[in-house]
Amino acid sequence: MICCGMIGHDAQQQQRALLDNIPDMAWLKDRDCRYLAVNTAYLEILGVPEKLVLGKTPDEIWPPEIAEVYLRTDRAVLKSGRRRRYEESRPDPTGSIRWFETIKSPIRDHEGRIVGTVGISRDISERKAAEDELVKSRAQLRDLSNYLQSVREEERARISRELHDELGQTLTALKMELGWLRERVPAEPALLRTRLDRLTSIVDQSVVDLQRIAADLRPMILDELGLVSAMQWLTQNLTEGGVLSIELSFDREDVAYPSDVSTAVFRIVQEALTNIVRHSRATHARVAISHDRDELLLEVSDNGRGMQLANTKRERLGLVGMGERAHMLGGSMNIESAPGRGTRILARLPLISHKPSETAAQ
Ligand SMILES: Nc1ncnc2c1ncn2[C@@H]1O[C@H](COP(=O)(O)OP(=O)(O)O)[C@@H](O)[C@H]1O
Ligand SMILES: [Mg+2]
């Protein structure tokens, strides 16, 4: 039996000093959930003097809906003999909701029988608010990054199209004019024709450069011929003249993907393959696209030197960006890698649109 009346005056004073030194609400209760001791912080929050609390049960001093929680958790601790930790909310005297983290533990006598409970309850409203704020600002950052990503993609597509269509046309016209001129200049002096030939080859080179720049911005092949062709174009570009061989595998080639899906897959593969070329020292890489019900599964693997994932640096923006692209479409991405063991990137993208913001709201 623990009872204030049964412990000596000095011990009682020590218990009081110990309890009052705790800045959070703290209390002791007996087996029947009656308060044996409460500290000053408790009394201040409750707003009643100690003598009206001691010997009472929670339902005699707290509003029913709050008392119900206290009694239920007290009984759970008494029954299980285990410590319980939970978060609860309660309005303060001004009516605004405050959050508390409460820990309740059993008290045992010298024979191990449970004779009561001890509890402590900390006001965590500020922490809760900061956590909510963090979650909110993380979601906002994600939205902003997604927005910037898609604006950037649109902008690239527009510039690519304009370069290709407008400047491309101009260069073609220029080349035709040069051809016309060349037909008509006299054979002598030869220098004139040589200069015209040189001009023509400069225009030819500009057309090649222009096509490369436009395709780097956004390959039109992606919009015109689809993902499979764009991937073939990409791998061909990356393997030209190098030691790396890239194997492409598709379980279906006839799928017309929504444009946001093909863009995401293309950009993920582009970043993954660029990383392989830049960092992996691999001789072989594999890109595989398969389908599992309503999901597209993408796998990019290499036989290169791999990396230590544990010490992931914050500045791995390429890898983060790949994950974000998958997340943006409601999918996910995983990286498997270890030093000397190559790297494998796996992404799942739903083909039926459900954006993360919609699922997060559930
Ligand atoms: N396929 C890979 N093989 C080995 N290391 C890789 C591979 N992909 C990425 N890495 C490592 O992860 C780091 C981060 O990649 P990333 O975020 O794309 O940034 P960046 O390519 O700009 O360095 C790289 O610097 C490299 O050390
Ligand atoms: Mg990179």
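As shown above, the structure is provided for reference.
Residues numbered from 1 in each chain as written. Chains lettered and ligands numbered in written order. Predicted model: local features only at pLDDT ≥ 70, side-chain atom pairs only at ≥ 80, totals over all residues. Heavy atoms only, no water.

Bringing the coordination of the magnesium ion (ligand 2) into the picture now. Glu271 (OE) and Asn275 (OD1) make up the full set of protein donors to the magnesium ion (ligand 2), lying at 2.1 Å. One end of the pair, Glu271, and the other, Asn275, are both in helix 9 (residues 259-280), four residues apart, so they sit about a helical turn from each other. Given a relative accessible area of 26%, Glu271 falls into the partly exposed group. (Donors = N, O, S within 2.8 Å, 3.2 Å for Na, K, Ca; no water. Helix = DSSP H or I, 4+ residues; strand = E, 2+ residues; numbered from the N terminus. Buried < 20%, exposed > 50% of the residue type's maximum accessible area, 1.4 Å probe, protein only.)

Scanning the model with the defined rule gives 32 salt bridges in all. Between Asp20 and Arg16 there is a salt bridge; the shortest N-O distance is 3.1 Å. In this pair, Asp20 and Arg16 are both assigned in helix 1 (residues 9-20), four residues apart and thus about one turn of the helix distant. Look at Asp20 and you get partly exposed, because its relative accessible area is 33%. With a relative accessible area of 23%, Arg16 lands in the partly exposed category. Glu336 is paired through a salt bridge with Arg344; the nearest N and O atoms lie 3.0 Å apart. Its relative accessible area of 38% is what places Glu336 among the partly exposed residues. Residue Arg344 is classed as partly exposed on the basis of its relative accessible area, which comes to 29%. Each of Glu153, Arg218, Asp223, Arg267 and Arg325 takes part in a single network of salt bridges with overlapping partners. (Salt bridge = Lys/Arg side-chain N within 4 Å of Asp/Glu carboxyl O.)

Residues in contact with ligand 1 amount to 14 residues; listed here are only the nearest, Glu271, Asn275, His279, Gly318 and Leu319. A distance of 2.9 Å is found between an oxygen atom of ligand 1 and a backbone nitrogen or oxygen belonging to Gly318. Taking Leu319, its main chain carries an N or O atom lying 2.9 Å from an oxygen atom of ligand 1. Of all elements in the fold, only helix 9 and helix 10 (317-328) reach the threshold of two or more residues within the shell around ligand 1. A per-element tally of the shell around ligand 1 places helix 9 first, with six residues. For the shell around ligand 1, the residue count by class is four nonpolar, six polar and four charged. (Near = heavy atom within 4 Å. Polar contact = N/O pair within 3.5 Å; in protein donor to acceptor, adjacent residues only side chain to side chain. Nonpolar A, V, L, I, M, F, W, Y, C, P; charged D, E, K, R; others polar.)

Take the packing of helix 5 (residues 125-184) against helix 6 (residues 190-217) next. Two elements in contact, helix 5 and helix 6, have axes separated by 9 Å at closest approach and are oriented at 165°. In this view, helix 5 runs roughly antiparallel relative to helix 6, as classed from their interaxial angle. Here helix 5 runs over helix 6; the crossing is left-handed. Classifying every residue of the contact of helix 5 with helix 6 gives 15 nonpolar, four polar and eight charged. (Axes fitted to C-alpha atoms, helices over the stretch in contact; angles between N-to-C directions. Parallel < 35°, antiparallel > 145°, perpendicular 65-115°, else oblique. Left-handed = near helix turned anticlockwise from the far one by under 90°.)

To continue, consider the environment of Ser96. As for its position among the elements, Ser96 is in the loop between strand 3 (84-91) and strand 4 (97-108). Leave out the neighbours within four places in its chain, and Ser96 touches Arg90 and Pro91. Side-chain polar atoms of Ser96 contact the side chain of Thr94, separated by 3.5 Å. (Contact = heavy atoms within 4.5 Å.)

This part takes up the packing of aromatic side chains. For the structure shown, the criterion picks out four aromatic pairs. An angle of 70° between the planes, with centres 6.0 Å apart, marks the rings of Tyr42 and Trp62 as edge-to-face. Of the two residues, Tyr42 is situated in helix 2 (residues 40-46) and Trp62 in the loop between helix 3 (58-61) and helix 4 (64-80); the sequence distance between them amounts to 20 residues. Trp62 carries the same exposure label as Tyr42, and that label is buried. Using a relative accessible area of 9% as the deciding quantity, one classes Trp62 as buried. Members of the aromatic cluster, connected to one another through ring pairs, are Trp27, Tyr35, Tyr42, Trp62 and Tyr70. Here the guanidinium or amino end of Lys128 rests over the ring plane of Trp99, the centre of that ring lying 4.6 Å away. (Phe/Tyr/Trp six-rings, centres within 6.5 Å; stacked < 30°, edge-to-face > 60°. Lys NZ or Arg CZ within 6 Å of the ring centre and 35° of its normal.)

Okay, the sheet that holds strand 2 (residues 35-38) next. What holds strands together in a sheet is hydrogen bonding between their backbones, with the strands either parallel or antiparallel. Here we have five strands laid out as an open sheet, ordered 2-1-5-4-3, and antiparallel in their pairing. What marks the edges here is a single partner per strand, and that holds for strand 2 and strand 3. Taking the axes of each pair of neighbouring strands and ignoring which way they run, one obtains an average angle of 25° across the sheet. Along the sheet, helix 1 makes contact with strand 1 (25-30) and strand 2, crossing strand 2 at roughly 60°. Contacting strand 1, strand 2, strand 3, strand 4 and strand 5 (114-123), helix 4 runs over the sheet at an angle of about 175° to strand 3. (Pairing = 2+ DSSP bridges.)

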